[in-house]
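# A look at the structure
Spelled out from the first residue to the last, the chains are:
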Amino acid sequence: MSKDTAPPLPAPLAVPVADSHTHLDMQATTVDEALASASSVGVTTVVQVGCDLKGSRWAAETAAAYENVHAAVALHPNEAPRIVLGDDDGWSKQGARTAGGDGALDEALGEIDRLAGLPQVRAVGETGLDRFRTGPEGMAAQERSFRAHIEMAKRHGKALVIHDREAHADVLRILEEEGAPDRTVFHCYSGDAEMAEVCAARGYFMSFAGNVTFKNAQPLRDALAVAPLDLVLVETDAPFLTPAPYRGRPNAPYLIPVTVRAMAAVKDIGEDALAAAVMDNAVRAFGLDGRAV
């Protein structure tokens, strides 16, 4: 089977759920096709997440056009240092970029701020810190961008969507220093059970992706086991992090049921109960009341 072959449709969920984090603009299908296949298995709404100016504008436009698509807008943690420092040696694996300095970052943040005020934009993110791809020289820009996004989310009354890769302590520290928004979501939660208890104490949502199904992901399953049910979300991060047994093949919102069933097993509850909980949590986290879910 080719790694480019889309996995088959899973059995539908009886209780509708939301994909709390997806990138439709990076997937091979059209938006209509992606939403139709998702809806056919009980995934009735998605949060489309922007990672740069182009992607954030696209997310806002798509959410305006589709009632069951909700937008999140931001400069990804690795985008901020690319704007400031450029990328002349290919570190970001996203093409060459000329350094723009702090002024260029301020300009880009201003555009994200404008988008964040739109009614179809339900969250500011994904923002945060990434120690995996950005080296020490880029951390100042990354942190400045993160703090600016936190302020935006609070001022606009939107959820904050966190990207935290190998930076747990610093992400938690900055959230504490700045004061986290009322609704803060750790996208693709990657911490351990101890961190999950910290997040729970602070009321942060923890969104689990397909990697919770991976054989080597026992620490993630341990974290899910202790995470309060009313703070748990499910996501694809599609086209990335396709759940087992389809790991390595293209991910899409229609594969959410595979992850929901794995999560229900970890939580030792029925899949209907898990689905109902994560949908209710998505409505609360992203302020979806009054919009199609």
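That block above? That's the structure.
Residues numbered from 1 in each chain as written. Predicted model: local features only at pLDDT ≥ 70, side-chain atom pairs only at ≥ 80, totals over all residues. Heavy atoms only, no water.

It is worth spelling out the overall build of the protein at this point. Counting its regular elements, the protein contains 10 helices and eight strands. Over its C-alpha atoms the protein spans a radius of gyration of 18 Å, differing by no more than 12% from the 19 Å that the globule rule assigns to 293 residues. Across its three principal directions, the C-alpha atoms of the protein cover 50 × 40 × 40 Å. For the protein, buried positions account for 54% of its 293 residues. The centroid of the 27 positive side-chain charges in the protein is displaced by 2 Å from the centroid of its 41 negative side-chain charges. (Helix = DSSP H or I, 4+ residues; strand = E, 2+ residues; numbered from the N terminus. Rg over C-alpha atoms; globule rule 2.2 N^0.38 Å. Buried < 20%, exposed > 50% of the residue type's maximum accessible area, 1.4 Å probe, protein only. Lys, Arg positive; Asp, Glu negative; His and termini not counted. Charge placed at Lys NZ, Arg CZ, Asp CG, Glu CD.)

So, on to the packing of aromatic side chains. Applying the stated criterion across every chain yields a total of two aromatic pairs. Geometrically, the ring pair formed by Y189 and F208 is tilted, given 5.4 Å between the ring centres and 50° between the ring planes. Taken together, the residues Y189 in the loop between β6 (184-186) and α7 (193-202) and F208 in strand β7 (residues 205-208) connect sequence positions 19 residues apart. Looking at R165, its charged tip hangs above the ring of F132, at a distance of 3.6 Å from the centre. Stacked on the ring of F214, the Lys or Arg R247 has its end atom at 3.8 Å from the ring centre. (Phe/Tyr/Trp six-rings, centres within 6.5 Å; stacked < 30°, edge-to-face > 60°. Lys NZ or Arg CZ within 6 Å of the ring centre and 35° of its normal.)

The next subject is the pairing of strand β1 (residues 17-22). Burial within β1 is extensive, with six of its six residues counted as buried. Taken together, the four bridges between β1 and strand β2 (residues 43-49) define a ladder with parallel strand orientation. Note on β2: the bridge partner recorded for T22 is Q48. Since β1 and β2 lie parallel, the crossover through helix α1 (residues 31-40) that links them has a hand, and here it is right-handed. (Pairing = 2+ DSSP bridges. Right-handed = clockwise from strand over helix to strand, strands pointing away.)

To continue, consider the packing of helix α2 (residues 53-65) against helix α4 (residues 101-116). Where α2 contacts α4, the two axes come as close as 11 Å, and the packing angle between them is 10°. Classified by the angle between their axes, α2 and α4 sit roughly parallel to one another. Where α2 abuts α4, its residues L53, S56, R57 and A60 lie against A108, E111, I112 and L115. Across the contact of α2 with α4, the residue classes break down as five nonpolar, one polar and two charged. (Axes fitted to C-alpha atoms, helices over the stretch in contact; angles between N-to-C directions. Parallel < 35°, antiparallel > 145°, perpendicular 65-115°, else oblique. Contact = heavy atoms within 4.5 Å. Nonpolar A, V, L, I, M, F, W, Y, C, P; charged D, E, K, R; others polar.)

Here E111 lies in helix α4. Owing to a relative accessible area of 16%, E111 belongs among the buried residues under this scheme. A polar contact is formed between the side chain of E111 and the side chain of R57, at a distance of 3.1 Å. Within the structure, the side chain of E111 is placed 2.9 Å from the side chain of R114, a separation counted as a polar contact. Here E111 is in contact with L53 and R57, once residues within four sequence places are set aside. (Polar contact = N/O pair within 3.5 Å; in protein donor to acceptor, adjacent residues only side chain to side chain.)

As a further point, take the nonpolar core. If you look at the biggest cluster of nonpolar residues, it comprises 88 residues, and the most contacted ones within it are F146, L175, F186, Y189 and F286. Among the elements that make up this core, the one with the highest residue count is helix α10 (residues 271-286) (eight residues). Residues contacting F146, with those up to four places away along its chain left out, are T127, G128, L129, L160, I162, V171, I174 and L175. (Core = buried A, V, L, I, M, F, W, Y, C linked by side-chain atoms within 4.5 Å.)

Before going further, it helps to spend a moment on the sheet that holds β1. Across the sheet, which stays open at both edges, the eight strands sit in the order β1-β2-β3-β4-β5-β6-β7-β8 with parallel pairing between neighbours. Pairing within the sheet leaves two strands with one partner each, and these edge strands are β1 and β8 (232-234). Here the average twist between neighbouring strands, direction ignored, is 30°. Running at roughly 95° to β8, α10 makes contact with β1, β2, β4 (121-130), β5 (159-165), β6, β7 and β8 of the sheet.

It is worth spelling out α7 at this point. Three or more residues of α7 are buried, namely M195, A196 and C199. One side of α7 carries all its buried residues, which in axial view fall inside an arc of 105°. Away from its buried face, by an angle of more than 90 degrees, α7 presents the exposed residues E194 and A201. Measuring from the backbone nitrogen of E194 back to the side-chain oxygen at the start of α7 gives 3.3 Å, which picks out D192 as the cap. The positive-phi residue at the C-terminal boundary of α7 is G203, with phi of around 80°. (Arc of directions from axis to C-beta.)

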